[in-house]
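Residue strings, one per chain:
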Amino acid sequence: MQEMHLRLSRGTILRGRYVVMGALARGEFSSLYLVNDKQDNQKSFALKELRNLGRKEQPRILAEARMLKRLQHPALPDVHDLFSEGTNGPIYILFDYIKGSDLETLQLEQPEQRFSLPQIVTLIAPIVEAVIYLHNQRPPIIHGNIKPSNIIVPESGTRTVLVNLGFAQEYDADTSIDDTRQDVSAYRAPEQYSKSGGISQGTDIYALGAILYTLFTGTVPADALALSLIHISEPTRQAEI
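So, here's what we can say about the structure. (Residues numbered from 1 in each chain as written. Predicted model: local features only at pLDDT ≥ 70, side-chain atom pairs only at ≥ 80, totals over all residues. Heavy atoms only, no water.)

## Here's the deal with the sheet that holds strand β4 (residues 43-50)
Working step 1: Spatially, 6 strands are ordered β1-β2-β3-β4-β6-β5 in an open sheet, and the strand pairing comes out antiparallel. Looking along the sheet, the strands with just one partner apiece sit at the ends: β1 (13-14) and β5 (79-84).
Working step 2: Sheet topology places β5 next to strand β6 (residues 91-96); 5 bridges connect them, and they run antiparallel. Its bridge partner lying in β6, Leu 82 is registered against Ile 93.
Working step 3: The sheet strands contacting helix α1 (residues 57-69) are β4, β5 and β6, and the helix crosses β5 at an angle near 165°. (Pairing = 2+ DSSP bridges. Helix = DSSP H or I, 4+ residues; strand = E, 2+ residues; numbered from the N terminus. Contact = heavy atoms within 4.5 Å. Axes fitted to C-alpha atoms, helices over the stretch in contact; angles between N-to-C directions.)

Structure below.
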């Protein structure tokens, strides 16, 4: 397991029961830990820590986490617990720990980094079902961060799992993507680069299309931000000709 400098060190105990075993990942605003539950036969879970939250952010994230806790789908990890460390402190979300490899890693191991059509159907069908399930909630739930590294192929079982639901959100046509979610990615839809653009079910559908393109061709598509700049500059180039 990769070692990294994080706020929670190995052996830290949260809520008197969750023992930190190591770090799984770290981002600018969140970290993911592997923890064992002392009260549940040392069962392993993934614990997501959301930090540096403002006064307005914490209530929204807590509401979002409660929304995730009610979801039940075989291609989505169950949320078992959520808690916070005081006012404006970190928020923790306890998920199923899915042991396996992510799709981005597995693609690099394929000949020409491409999958066959039967392989793609097997890998992506459960994810499409999960997205349909999310979008059929009332109101619809938008994942907003679907990409190969957030699709896990478990060591046991055959169904892929869509992870990193910690930033999923209910759809509001007037809601724009937070600045913290605007990292450039080939799998982000155009509206995710606009402060005035709201997300919708189409945001996730765009990501699924980009993933299918990657798996079929072995090539990661250009990100939507780069494509928009190309389209903007094209009339100028044509005028010069």
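## Description of empty space enclosed by the protein
Working step 1: Going through the model one piece at a time under the given rule, you end up with 1 cavity of 30 Å³ or more.
Working step 2: A volume near 40 Å³ is recorded for the largest cavity. (1 Å grid on protein atoms, 1.4 Å probe; cavity = no way out; pocket = protein on both sides within 12 Å on 5 of 7 lines; lining within 4 Å. Points joined across faces, edges and corners; volume = space filled by probe spheres on them.)

## Concerning helix α4 (residues 201-217)
Working step 1: Counted at 1.5 Å a residue, the expected span for α4 with its 17 residues is 24 Å, and the 25 Å between its end C-alpha atoms agrees.
Working step 2: Those residues of α4 that are buried are in contact with α2 (103-108), α3 (117-135), β8 (141-142) and β9 (151-154).
Working step 3: Positioned one or two residues after α4, Gly 218 has a phi angle of 80°, which is positive. (Expected span 1.5 Å × (residues − 1).)

## Remarks on the pattern of salt bridges
When their charged atoms lie close together, side chains carrying opposite charge are able to pair.
Working step 1: Counted according to the given criterion, the structure contains 5 salt bridges.
Working step 2: Here Asp 81 and Arg 15 are joined by a salt bridge, their closest N and O atoms 2.9 Å apart. Taken as a pair, Asp 81 in strand β5 and Arg 15 in the loop between β1 and β2 (18-26) lie far apart in primary sequence, 66 residues in all.
Working step 3: For Glu 112, the salt bridge is made with Arg 114, and the minimal N-O distance between the two is 3.4 Å.
Working step 4: Residue classification places Arg 114 among the partly exposed residues on the basis of a relative accessible area of 40%. (Salt bridge = Lys/Arg side-chain N within 4 Å of Asp/Glu carboxyl O. Buried < 20%, exposed > 50% of the residue type's maximum accessible area, 1.4 Å probe, protein only.)

## Thoughts on the packing of aromatic side chains
Working step 1: Using the criterion set out here, one finds 2 aromatic pairs in the structure.
Working step 2: On the basis of an interplanar angle of 15° and a centroid distance of 6.1 Å, the ring pair of Tyr 18 and Phe 83 is categorised as stacked. Residue Tyr 18 is located in strand β2, and its partner Phe 83 is located in strand β5; the two are separated by 65 residues in the primary sequence. Taken individually, Tyr 18 and Phe 83 each receive the classification buried, so the pair is uniform in this respect.
Working step 3: By the ring-pair criterion, three or more aromatic residues cluster together here, those being Tyr 18, Phe 83 and Tyr 92. (Phe/Tyr/Trp six-rings, centres within 6.5 Å; stacked < 30°, edge-to-face > 60°.)

## Describing the pairing of β4
Working step 1: For β4, a buried count of 6 out of 8 residues is recorded, marking the element as mostly surrounded by other parts of the structure.
Working step 2: In this antiparallel pair of consecutive strands, strand β3 (residues 30-37) and β4, the connection spans 5 residues, and Asn 41 shows a positive phi of 55°.
Working step 3: Strand direction decides the pairing type here: β4 and β6, joined by 6 bridges, are antiparallel. Directly across from Ala 46, in β6, lies its bridge partner Phe 95.

## Structural notes on α3
Working step 1: Compared with the 27 Å implied by 1.5 Å per residue over 19 residues, the 26 Å span of α3 between its first and last C-alpha is a close match.
Working step 2: At Ile 124, α3 shows its largest kink, close to 35°, and the proline Pro 126 lies no more than four residues downstream.
Working step 3: The complete set of buried residues in α3 reads Ile 120, Leu 123, Ile 124, Pro 126, Ile 127, Ala 130, Val 131, Leu 134 and His 135.
Working step 4: Looking at the packing, one finds that the buried side of α3 touches α2, β8, β9, β10 (161-162) and α4. (Bend = angle between axes of the 7 residues up to and from the residue.)

## Re unusual backbone geometry
Working step 1: Residue Pro 139 is bonded to the preceding Arg 138 through a cis peptide linkage, with omega at 0°.
Working step 2: Tracing the sequence through the fold places Pro 139 in the loop between α3 and β8.
Working step 3: You will see that Arg 15, though not glycine, has its phi angle at about 60°, which is positive.
Working step 4: In this structure, Gln 113 is a non-glycine residue whose phi angle is positive, near 55°.
Working step 5: Inspection of the secondary structure assignment puts Gln 113 in the loop between α2 and α3.
Working step 6: By relative accessible area, Gln 113 is classed as partly exposed at 33%.

## A look at the side chain of Arg 51
Working step 1: Assignment of secondary structure puts Arg 51 in the loop between β4 and α1.
Working step 2: For Arg 51, the side chain forms a polar contact with the main-chain oxygen of Ser 30, separated by 3.4 Å.
Working step 3: At 2.5 Å, the side chain of Arg 51 forms a polar contact with the side chain of Ser 31.
Working step 4: If we ignore the near neighbours within four places in the chain, the residues touching Arg 51 are Arg 26, Gly 27, Glu 28, Phe 29, Ser 30, Ser 31 and Pro 90. (Polar contact = N/O pair within 3.5 Å; in protein donor to acceptor, adjacent residues only side chain to side chain.)

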